[in-house]
Amino acid sequence: MDTKNLYPIDLGFKPNYLYEILATTISKIKKIPNTSAMGIRLTQDNFITIKPFPKTKTLQNLKETKIITINLVDDIHLYALSALKNEDLGIIFPREYYEYEELSYLFNSDSSPSKISIPFIKQSWAVLICVVSKENSVIKKDLLGDVSLIEFYLKPLKIKFFRNSAKLFNRAENLALESIIIATRIKIARERQNEVLFNELKSQLTSNINNIKRFGKNYQALETVDLINRYLGAPY
Ligand SMILES: Cc1cc2nc3c(=O)[nH]c(=O)nc-3n(C[C@H](O)[C@H](O)[C@H](O)COP(=O)(O)O)c2cc1C
């Protein structure tokens, strides 16, 4: 596909739908790449919105550099690594998964364009390299309470398309994706000693894991179950 004038809709995005992607950012000083699973939406006028939670590395990097890569990846195991990564537990998102794209960008009309080296995930079927165009403060209602967030409006600077993704609907992988989110919430419920929520989430997770195992040999989904167990320190 000619990647010169691609728009998000050419990759299958529909306005206002929520999509789960892998967001790669880079730290300003040490240039360390970081990837997190995040939800995004396309607006009617071709911006992409993203809401990183306070304390995430993604938020910190995005505030510092204003640059982010949206990676479209069809391997659920990479979602698990990116959302559950924890050096102490040996869950890491390996550096060798990255490749770099050199871009020249005019951040400020008073200066000359800056040359920047932007990381993206090699395994992606397409990537959207974006710059922050606008920021809004929003309140998100969540079962863990109200959180005040920054919603970033991103403008795609460059879209790279590598291959078609012929992903079929897959129950084990959908359940695995949902289970990763539940695992991150269980950890918070445990830290906050919210026993009612903890028990509710734990029973959802147990049911999901039983179903993933029942659906049969899906390597990526089963690897995700292993990572969740490691992340939560099974038996939890
Ligand atoms: C499918 C999925 C979607 C997620 N969406 C978001 C999101 O929109 N915003 C957010 O802050 N965290 C989201 N998370 C949780 C982050 O991936 C997780 O907190 C991660 O550890 C943050 O990493 P970071 O500190 O390196 O940015 C999501 C996780 C999953 C599995």
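Because the structure is a prediction, the values reported are computed rather than measured.

Moving on: the overall build of the protein chain. Regarding its fold elements, the protein chain presents 5 helices and 8 strands. N-terminal to C-terminal, the α/β element order of the protein chain is β-β-β-α-β-α-β-β-β-β-α-α-α. What you see for the protein chain is a C-alpha radius of gyration of 18 Å, in line with the 18 Å of a compact globule of 236 residues. Expressed as lengths along the three principal axes of its C-alpha atoms, the size of the protein chain is roughly 55 × 35 × 35 Å. Burial analysis of the protein chain (236 residues in total) assigns 30% to the buried set. The long-range fraction of contacts in the protein chain, counting pairs at least 24 apart against all pairs at least 6 apart in sequence, stands at 67%.

Moving on to the environment of Ile68. Its place among the elements puts Ile68 in strand S4 (residues 67–72). Ignoring sequence-local partners within four residues, the contact set of Ile68 consists of Ala23, Thr25, Leu62, Cys130 and Leu154.

Turning next to the nonpolar core. Grouped together as the largest cluster of nonpolar side chains are 52 residues, with contacts concentrated most on Ile70, Ala80, Leu84 and Ile180. Ranked by residues supplied to this core, first place goes to helix H3 (residues 171–191) with 8 residues. Residue contacts for Leu84: discarding those within four places in its chain leaves Ile91, Ile180, Ala183, Leu227, Ile228 and Tyr231.

With that settled, the discussion passes to H3. Taking 1.5 Å per residue, 21 residues should reach 30 Å; H3 reaches 30 Å between its end C-alpha atoms and fits that length. Among the residues making up H3, those that are buried are Ala172, Glu173, Leu175, Ala176, Ser179, Ile180, Ile182, Ala183, Ile186 and Ala189. Of the surrounding secondary structure, the elements contacted by the buried residues of H3 are strand S2 (33–42), helix H2 (76–84), helix H4 (195–214) and helix H5 (219–232). Two residues or fewer after H3 comes Gln193, characterised by a positive phi angle close to 55°.

Taken together, 18 residues lie near the ligand, and Ala37, Phe53, Thr56, Lys57 and Thr58 sit nearest. Put simply, the parts of the chain that give the shell around the ligand at least two residues each are S2, helix H1 (57–65), H2 and H3. It is S2 that provides the largest number of residues to the shell around the ligand, a total of 5 residues. When grouped by side-chain class, the residues that make up the shell around the ligand number 9 nonpolar, 6 polar and 3 charged. No fewer than three residues from each of domain 1 (8–161) and domain 2 (171–232) sit in the shell around the ligand.

Spatial strand order, S1-S2-S3-S8-S7-S4: 6 strands in a closed barrel with antiparallel pairing. Neighbour to neighbour, the strand axes of the sheet diverge by 45° on average, direction disregarded. Set on the sheet, H1 makes contact with strand S1 (19–26), S2, S4, strand S7 (126–142) and strand S8 (145–161); between it and S1 the angle comes to about 55°.

With that out of the way, let us pick up the domain arrangement of the protein chain. Here the protein chain is described as being made up of domain 1 (8–161) and domain 2 (171–232). Spacing between the C-alpha centres of domain 1 and domain 2 amounts to 24 Å. Domain 1 puts 15 residues into the contact, and the matching count from domain 2 is 17 residues. Sorting elements by how many residues they give to the side of domain 1 that touches domain 2 places H2 first, with 7 residues. Taken together, the residues that form the side of domain 1 that touches domain 2 break down as 11 nonpolar, 2 polar and 2 charged.

The rules behind each value
Residues numbered from 1 in each chain as written. Predicted model: local features only at pLDDT ≥ 70, side-chain atom pairs only at ≥ 80, totals over all residues. Helix = DSSP H or I, 4+ residues; strand = E, 2+ residues; numbered from the N terminus. Rg over C-alpha atoms; globule rule 2.2 N^0.38 Å. Buried ≥ 20, exposed ≤ 12 C-beta atoms within 10 Å, placed from the backbone. Contact = placed C-beta atoms within 7 Å. Core = buried A, V, L, I, M, F, W, Y, C linked by C-beta atoms within 7 Å. Expected span 1.5 Å × (residues − 1). Near = placed C-beta within 6 Å. Nonpolar A, V, L, I, M, F, W, Y, C, P; charged D, E, K, R; others polar. Domains from an automatic or database assignment. Pairing = 2+ DSSP bridges. Axes fitted to C-alpha atoms, helices over the stretch in contact; angles between N-to-C directions.

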